[in-house]
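# Examining the three-dimensional arrangement
Below, each chain spelled out in residue letters.
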Amino acid sequence: MPVEALPEARLAPRRVALLGVGTVGRALLERVAGLADPRLSLQWVANSRRHVHAPQGLSPLACAAALAQGKSHDGGGALPADFGPGDIVVDATASAELAAWHPRWLRQGLHVVSANKLGLGGPLLRQHEIAQLANAQRRYGDAATVGAGLPLLATLRGLRAGGDRIGAIVGVLSGTLAWLFDGYDGREPFSERVRAAVAQGYAEPDPRVDLSGEDVRRKLLILARAAGYPLESEEVRVESLLTSRLQAAGPDAVEGALPSLDGPIGERAARAARDGRVLRFVARFDAAGARVGLETLAPDDPLAVGRGCDNRVAIWSTRYRDRPLQIQGPGAGADVTAAALLDDLLRVIA
């Protein structure tokens, strides 16, 4: 029996635009290069200063060199004129400006794959727009926004689709802060831990992004909204770890201000250790509201037993009323985040 030829449109590779070529973006490029999937054609790569447009396709491993010679631009989310319905935009940034483009890209018929938490974890109106626009024809891949690809959002949506009502979500949502407090008892300067986290790629180059608690606020918002609760950002109470000195420091003075953390955090960790307990940075959403901050936990508490950069999340629902559903796994690092982006890319083209 003869095999029917596929329509030409099905054979054409999907055009891909990658915005952001930092640690996550570079890790994604390495994975795309290793996959060598003919269904993907990388044609637009941009960072905050330059872009490269190659209608013939770019070699993922040559993007850094190509960007160095690329055209200057002022940022923004404008794409080549030939990008249209069915093409894919990957946002591997933390840019508020680019997150504001997510609904516009969807309206243009583009698929969006994002690690940028400000799409779903920014203004509630934007999250509503994305939810209303995303469908089978224009997908929104968000697995990398919380838990670096752990099945958190898929689980919450699956429970709700089955008629479950989510009652509470509690978790260690920052792989960076999990790593910083794993085994920390106050006997070494906390600032040295922060420097090590930056050096190993677990923390942002400006660690205040992690220490402020804002990253965890956005993740909790994303989870709570996926669970059916339309929270505004200001409804989440956040305990920042930043000292006044560190908060006020200019970009070039952050390094010198890090030791101001050592006293207050070291004392809390030492006091917890004397009581046989540990510190963890915890996000909670329940009947009492939404809050994020440092907590003292028993060593065998489910939120305390993970290691390294593990995220740990407990979900209570009508199905899991007495004992919560628990999900745990690595929640930080460029490789696992890039893997989540690639998973979403492959779902788009499947």
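For the structure given in this document, a descriptive report is provided here. All values reported here derive from a predicted model rather than from experimental measurement.

### Some remarks on helix α9 (residues 190–199)
The complete set of buried residues in α9 reads F190, S191, R193, V194 and A197. Taken end-on, α9 shows its buried residues confined to a sector of 155 degrees, consistent with a single buried face. Looking at the buried side of α9, the elements it contacts are α8 (175–181), α10 (208–211) and α14 (262–274). Directly beyond the C-terminal end of α9, a positive phi value near 80 degrees is found at G201.

### Some points on the packing of aromatic side chains
Per the counting criterion, the structure on display carries six aromatic pairs. Both rings, one in F181 and one in Y184, keep their centres 6.5 Å apart while their planes meet at 70 degrees; by these two values the pair is edge-to-face. By the ring-pair criterion, three or more aromatic residues cluster together here, those being F181, Y184 and F190. A cation over an aromatic ring shows up here: R104 above the ring of W101, its NZ or CZ 4.0 Å from the ring centre.

### So, the nonpolar core
Grouped together as the largest cluster of nonpolar side chains are 70 residues, with contacts concentrated most on W105, L180, F181, F190 and L211. Counting residues per element, this core draws most heavily on helix α11 (residues 214–226), at seven residues. Not counting residues within four places of it along the chain, the set of residues in contact with F181 comprises F190, R193, L241, I265, L279, R280 and L294. Judged by nonpolar contacts, the second largest core, of 29 residues, contains L18, V32, A144 and A340.

### Looking at the pairing of strand β10 (residues 278–286)
Inspection of the sheet shows strand β8 (residues 166–172) paired to β10 by three bridges, in the antiparallel sense. Residue pairing across strands places V170 opposite R284, the latter belonging to β10. With nine bridges connecting them, β10 and strand β11 (residues 289–297) associate as antiparallel partners. Opposite F281, over in β11, you have L294 as the bridge partner.

### Some details on unusual backbone geometry
With a phi close to 50 degrees, A36 is a non-glycine residue in the positive phi region. Locating A36 in the fold gives a position in the loop between α2 (23–35) and β2 (40–46). Under the relative-accessibility criterion, A36 is labelled exposed at 58%. A positive phi angle, near 50 degrees, is found at A148, a position not held by glycine.

### So, the side chain of Q127
As for its position among the elements, Q127 is in helix α6 (residues 124–133). Of the residues examined, Q127 reaches a relative accessible area of 12% and is grouped as buried. Once residues within four sequence positions are removed from consideration, Q127 is found in contact with G119, L120 and R225.

### Digging into the pattern of salt bridges
The tally for this structure, following the rule as stated, stands at 18 salt bridges. Between R39 and D37 there is a salt bridge, with its nearest N and O atoms 2.7 Å apart. Judged by its relative accessible area of 15%, D37 falls in the buried class. In this structure, the salt-bridge partner of R347 is D344, at a minimum N-O distance of 2.6 Å. Residue R347 and its partner D344 are both found in helix α15 (residues 334–349); the two are separated by three residues, about one turn of the helix. Under the relative-accessibility criterion, R347 is labelled partly exposed at 46%. Residue classification places D344 among the buried positions, given a relative accessible area of 8%.

So, how was this worked out
- Residues numbered from 1 in each chain as written.
- Predicted model: local features only at pLDDT ≥ 70, side-chain atom pairs only at ≥ 80, totals over all residues.
- Heavy atoms only, no water.
- Buried < 20%, exposed > 50% of the residue type's maximum accessible area, 1.4 Å probe, protein only.
- Helix = DSSP H or I, 4+ residues; strand = E, 2+ residues; numbered from the N terminus.
- Arc of directions from axis to C-beta.
- Contact = heavy atoms within 4.5 Å.
- Phe/Tyr/Trp six-rings, centres within 6.5 Å; stacked < 30°, edge-to-face > 60°.
- Lys NZ or Arg CZ within 6 Å of the ring centre and 35° of its normal.
- Core = buried A, V, L, I, M, F, W, Y, C linked by side-chain atoms within 4.5 Å.
- Pairing = 2+ DSSP bridges.
- Salt bridge = Lys/Arg side-chain N within 4 Å of Asp/Glu carboxyl O.

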